[in-house]
Amino acid sequence: MKVQRIATGPFQENAYLVIDETARMAALIDPGEDAERLLDMAASAGVTIQAIWLTHGHVDHVGAVAAVKKATGAPVHLHPLERPLYDAAVQHGLLFGVRIEPPPPPDHDFSSGQILELSSLRFTVMHAPGHAPGHVVLHGHGVAFVGDCLFAGSIGRTDLPLANPANLARTLAALAELPDAMIVYPGHGPETTIGEEKRSNPFLNGSARIAGSR
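Structure report, in brief.

## Notes on the environment of His 127
Part 1 of the reasoning: In this structure, His 127 sits in strand S8 (residues 121-127).
Part 2 of the reasoning: On the accessibility criterion, His 127 (27% relative accessible area) is partly exposed.
Part 3 of the reasoning: Sequence-wise, His 127 and His 188 are 61 residues apart; in three dimensions their C-alpha atoms are separated by 19 Å.
Part 4 of the reasoning: In contact with His 127, other than residues within four places in its own chain, are His 79, Leu 81, Ser 112, Pro 133, Gly 134, His 135 and Val 136.
Part 5 of the reasoning: In terms of polar contacts, His 127 uses its side chain to reach the backbone carbonyl oxygen of Pro 133, at 2.8 Å.

What follows is the structure in structure tokens.
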């Protein structure tokens, strides 16, 4: 397995290409913007994009979905609880001065515990609400794509529409149970590990509480 990253758009959102190097197949996680750059990344790697996996439906994570799907035909996967945010992504973008093409309806629903297959690769879907109601974490092969629920030294916002601080606190407790050596690929900022965040992130080691959580 190989992972490639591009920080996209004005929010510098991390889009990830997850590659099965033997089969030359890839899944694209959270194509936030810059569709041409993402497609060029796949072409340069010599892989075909087989699926689009979305950790959640915020505009900075879905802005290039329409263009990538048109170019590749790859099916879009999203948790059903994210549809209100996903379907409103165009309107939310305008609030920040960002214009995106309306993302197409998802082709497949994520469900907690589901196993995603990409040739020889297998990833488990973890429902991880809090930052958004249908947020998911995708983990396997020693890595976790955590979207915006966990960052290096920080956590996702809970002051956005449909966010829930108590749910995010429970999600972080579940993430803390993952192996310390697991590499964390967040939606913004640098990669880290579960172990490093348990040592240094106050929201993961229990030394700080999320405002509004119980």
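## Re the nonpolar core
Part 1 of the reasoning: Leu 17 and Leu 54 are the most contacted members of the largest nonpolar core, which has 27 residues in total.
Part 2 of the reasoning: Only strand S2 (13-20), strand S3 (25-29), helix H1 (35-45), strand S4 (48-53), helix H2 (59-62), helix H3 (65-72) and strand S5 (76-78) provide two or more residues apiece to this core.
Part 3 of the reasoning: Residue contributions to this core peak at five residues, all from H1.
Part 4 of the reasoning: Leu 17 has contacts with Lys 2, Val 3, Gln 4, Ala 26, Ala 27, Leu 28, Met 41, Ala 42, Val 47 and Ile 49, leaving out every residue within four places of it along the chain.
Part 5 of the reasoning: Listed in part, the 18 residues of the second largest apolar core include Leu 150, Leu 172, Leu 175 and Leu 178.

## So, the pairing of S4
Part 1 of the reasoning: Direction of pairing for S3 relative to S4: parallel, over a ladder of five bridges. Its bridge partner lying in S4, Leu 28 is registered against Ile 52.
Part 2 of the reasoning: Following the chain from S3 across H1 to the adjacent parallel S4, one finds a crossover that is right-handed.
Part 3 of the reasoning: Sheet topology places S4 next to S5; two bridges connect them, and they run parallel. Along S5, the bridge assignment pairs Trp 53 with His 77.

## Section: the sheet that holds strand S6 (residues 108-109)
Part 1 of the reasoning: As summarised here, the arrangement of the six strands in space is S1-S2-S3-S4-S5-S6, forming an open sheet in which the pairing is mixed. For this open sheet the edge positions go to strand S1 (2-8) and S6, each flanked by a neighbour on one side alone.
Part 2 of the reasoning: Along the sheet, H3 contacts S3, S4 and S5; its crossing angle with S4, the most-contacted strand, is approximately 145°.

## Concerning the sheet that holds strand S13 (residues 183-186)
Part 1 of the reasoning: Overall, mixed pairing links the six strands, which are arranged S7-S8-S9-S10-S13-S14 in an open sheet. Edge strands, defined here as strands with exactly one partner in the open sheet, are strand S7 (115-118) and strand S14 (192-193).
Part 2 of the reasoning: Sheet topology note: the S13/S14 ladder contains two bridges and is antiparallel. Directly across from Val 184, in S14, lies its bridge partner Thr 192.

## Topic: the pairing of S7
A regular strand places its side chains so that they alternate between the two faces of the sheet.
Part 1 of the reasoning: Burial along S7 is one-sided: the face carrying Leu 116 and Leu 118 is buried and the face carrying Ile 115 and Glu 117 is not.
Part 2 of the reasoning: Summarising the sheet, S7 and S8 pair through four bridges and their orientation is antiparallel. Along S8, the bridge assignment pairs Leu 118 with Leu 121.
Part 3 of the reasoning: With antiparallel pairing between neighbouring strands as the criterion, S7 and S8 make up a hairpin whose turn holds two residues, including Ser 119 at a positive phi of roughly 55°.

## Thoughts on H3
Part 1 of the reasoning: For H3, the complete set of buried residues consists of Val 65, Ala 66 and Val 68. With its buried residues spanning 170° around the axis, H3 presents them on a single face. For H3, exposure combined with an orientation more than 90 degrees from the buried face picks out Lys 70 and Ala 71.
Part 2 of the reasoning: Its buried side turned inward, H3 meets S3, H1, S4, H2, S5 and helix H4 (83-87).

## Here's the deal with the packing of aromatic side chains
Part 1 of the reasoning: Here the structure, examined in full by the defined rule, presents six aromatic pairs.
Part 2 of the reasoning: On the numbers, 5.3 Å between centres and 20° between planes, the contact of Phe 145 with Tyr 185 is stacked. With a gap of 40 residues between them, Phe 145 in strand S10 (residues 143-147) and Tyr 185 in strand S13 connect regions that are remote in the sequence.
Part 3 of the reasoning: Given the relative accessible area of 12%, Tyr 185 is considered buried.
Part 4 of the reasoning: Feature note: the residues Tyr 16, Trp 53, Phe 123, Phe 145 and Tyr 185 constitute an aromatic cluster, connected by ring pairs.

Definitions and cut-offs
- As a convention, each chain's residues are numbered from 1 in the sequence order in which they are written.
- Reporting of local features is limited, given that this is a predicted model, to residues whose pLDDT is at least 70; pairs of side-chain atoms are given and counted only at 80 or more, and all residues count toward the totals for whole chains, interfaces and linings.
- To get the side-chain values, take all heavy atoms of the structure and skip hydrogens and water.
- Counting from the N terminus, the helices are DSSP H or I runs at least four residues long and the strands are E runs at least two residues long.
- Residue burial is assigned from relative accessible area. The probe radius is 1.4 Å, only protein chains are included, and a residue is buried under 20% of its type maximum, exposed over 50%, and partly exposed in between.
- Here, residues are in contact when the closest pair of their heavy atoms is within 4.5 Å.
- Polar contact criterion, stated in full: a pair of N or O atoms within 3.5 Å, where within protein one must be able to donate a hydrogen and the other to accept it, and residues adjacent in sequence count only if both atoms are side-chain atoms.
- We call a set of buried residues a nonpolar core when its members are Ala, Val, Leu, Ile, Met, Phe, Trp, Tyr or Cys and they connect through side-chain atoms within 4.5 Å of each other.
- Strand pairing is assigned whenever DSSP identifies at least 2 bridges connecting the two strands.
- Seen with the strands pointing away from the viewer, any crossover whose path from the first strand over the helix to the second strand runs clockwise is right-handed.
- Fitted lines through C-alpha atoms give the axes, limited to the stretch in contact for helices. The angle between two N-to-C directions lies from 0 to 180 degrees.
- The arc refers to the directions leading from the helix axis to the C-beta atoms.
- Think of it this way: a Phe, Tyr or Trp ring, Trp meaning its six-membered ring, pairs with another when their centres are within 6.5 Å, and the plane angle makes it stacked under 30 degrees, edge-to-face over 60, tilted otherwise.

By themselves these figures say nothing about function.
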